[in-house]
Amino acid sequence: MTRPLTFAIPKGRILDEALPLLARAGIEPEAAFHDGKSRALRFATNRPGLSIIRVRAFDVATFVAHGAAQIGIVGSDVVDEFDYSELYAPVDLDMGHCRLSVAEPAGLADEDEAAMSHVRVATKYPHLTRKYYEARGIQAECVKLNGAMELAPSLGLSRRIVDLVSSGATLKANGLVETNVIMQVSARLIVNRAAYKMRSAELAPLVEAFRKAAGGKDAA
């Protein structure tokens, strides 16, 4: 018997935008998915043999890369941070737009990067942060945080942060300014490479449905 397909979607900022996209692709979660009191993490859908799991954004990539889920939706920031060889990201879903940026206290934002050899940065993106600074000949010491990044400079944990920025309101409220953009971010459809080869009859139509639902935009 063929194992059911598992679709991983992220909690948080992308979820609200992902639901209409799922509907356009012909996937509707069971009613319990929308129940705010439900503690369930796995849900049936209107498509036999396809279930949805709702997990943290960073975990979507891990579930799909290791084959626990075969397909998922996650930000390009997560795809690039983990850089799993097992992931195939064929479609830019044209949603969840934001940017990964460097920010620091407003009064200290005039230092010339060219004069620096070492920086200490609070971030949950150590790989992308080191890569960004290495390209500029700067050694980055990354302090790994999973949230509340904006507190790090005021509490002396680090001078700079690297985090996702949308409107910039949170930075402003915490006395920080955006100084450099590392990358533009949007949501991607990701697929496990091995599963895509072995179960192409099931996964290829799903990929095509999302490509059409997102306006036919292939990932770069």
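Conventions and cut-offs
- Residues numbered from 1 in each chain as written.
- Predicted model: local features only at pLDDT ≥ 70, side-chain atom pairs only at ≥ 80, totals over all residues.
- Heavy atoms only, no water.
- UniProt positions renumbered as here; feature names shortened; annotations may be inferred.
- Helix = DSSP H or I, 4+ residues; strand = E, 2+ residues; numbered from the N terminus.
- Buried < 20%, exposed > 50% of the residue type's maximum accessible area, 1.4 Å probe, protein only.
- Contact = heavy atoms within 4.5 Å.
- Areas by Shrake-Rupley, 256 points an atom, 1.4 Å probe, with all protein chains shown as cover.
- Lys, Arg positive; Asp, Glu negative; His and termini not counted.
- Charge placed at Lys NZ, Arg CZ, Asp CG, Glu CD.
- Salt bridge = Lys/Arg side-chain N within 4 Å of Asp/Glu carboxyl O.
- Phe/Tyr/Trp six-rings, centres within 6.5 Å; stacked < 30°, edge-to-face > 60°.
- Domains from an automatic or database assignment.
- Buried area = accessible area lost by both parts, 1.4 Å probe.
- Polar contact = N/O pair within 3.5 Å; in protein donor to acceptor, adjacent residues only side chain to side chain.
- Nonpolar A, V, L, I, M, F, W, Y, C, P; charged D, E, K, R; others polar.

As named in an unreviewed UniProt entry, the protein chain is ATP phosphoribosyltransferase, taken from Sphingobium cloacae. The annotation that UniProt attaches to the protein chain under Subunit (unreviewed entry) is "Heteromultimer composed of HisG and HisZ subunits." On record in UniProt, under Pathway (unreviewed entry), the comment for the protein chain is "Amino-acid biosynthesis; L-histidine biosynthesis; L-histidine from 5-phospho-alpha-D-ribose 1-diphosphate: step 1/9."

1. Let's talk about the overall build of the protein chain
If you tally the helices and strands in the protein chain, you get 7 helices and 11 strands. When its C-alpha atoms are laid out on the principal axes, the protein chain stretches across 60 × 35 × 30 Å. Per-residue burial for the protein chain yields a buried fraction of 46% across its 220 residues. Within the protein chain, contacts between residues separated by at least 24 positions form 68% of all contacts whose residues are at least 6 apart in sequence. For the protein chain, the exposed surface amounts to about 11100 Å²; the carbon and sulfur share of it is 51%. Between the averaged position of the 27 positive side-chain charges in the protein chain and that of its 26 negative side-chain charges there is a distance of 5 Å.

2. With respect to the environment of Thr 2
Here Thr 2 shows up in the segment before β1 (5-10). Taking the C-alpha atoms as reference, Thr 2 lies 28 Å from Ser 38; in sequence the two are 36 residues apart. Not counting residues within four places of it along the chain, the set of residues in contact with Thr 2 comprises Arg 199 and Glu 202.

3. A short note on unusual backbone geometry
Of note in the backbone geometry, Asp 94 takes a positive phi value of approximately 55° without being a glycine. When you line up the elements, Asp 94 lands in the loop between β5 (87-92) and β6 (98-105). Positioned with a positive phi, Ala 148 is a non-glycine residue whose angle comes to about 55°.

4. A closer look at the pattern of salt bridges
On inspection of all chains with the given rule, the structure shows 8 salt bridges. Here Arg 159 makes a salt bridge to Glu 104, at a shortest N to O gap of 3.2 Å. Here Glu 104 lies in strand β6 and Arg 159 lies in the loop between β8 (139-144) and β9 (160-165), a separation of 55 residues in the sequence. Each of Glu 104, Arg 159 and Arg 160 takes part in one network of salt bridges that share partners.

5. Let's talk about the packing of aromatic side chains
Here a ring pair, both rings aromatic, is described through the centre-centre distance and the interplanar angle of the planes. Counted by the stated rule, this structure contains 7 aromatic pairs. Centroid distance Phe 33 to Phe 43: 5.1 Å. Interplanar angle 80°. Geometry classified as edge-to-face. Separated by 10 residues along the polypeptide, Phe 33 in the loop between α1 (15-24) and β2 (42-44) and Phe 43 in strand β2 bring together distant segments of the chain. Across the pair, Phe 43 and Phe 33 agree in class, each one buried. Here the aromatic rings of Tyr 88 and Tyr 196 are separated by 5.4 Å at their centres, their planes lie at 55°, and the arrangement is tilted. Taken together, the positions of Tyr 88 in strand β5 and Tyr 196 in helix α6 (residues 193-198) put the pair 108 residues apart, joining distant regions of the chain. The class for Tyr 88 is partly exposed, based on a relative accessible area of 28%.

6. Some points on the domain arrangement of the protein chain
Quoted interface sizes are often the accessible area lost when the parts come together. Entries for the protein chain in the domain assignment read domain 1 (5-97 + 185-214) and domain 2 (98-184). Put simply, the middle of domain 1 and the middle of domain 2, counted by C-alpha atoms, are 29 Å apart. If you look at the interface, domain 1 gives 10 residues, while domain 2 gives 12 residues. Buried surface at the junction of domain 1 and domain 2, summed over both partners, amounts to about 890 Å²; 57% is from carbon and sulfur atoms. Interface area lost by domain 1 to domain 2 is led by Phe 58, Glu 81 and Val 185, which between them contribute 57%. For the pair domain 1 and domain 2, the number of links is 0 salt bridges. Along the contact surface separating domain 1 from domain 2 lie 5 residue pairs in polar contact (both at pLDDT 80 or more). Residue composition of the side of domain 1 that touches domain 2, grouped by class: 2 nonpolar, 4 polar and 4 charged.

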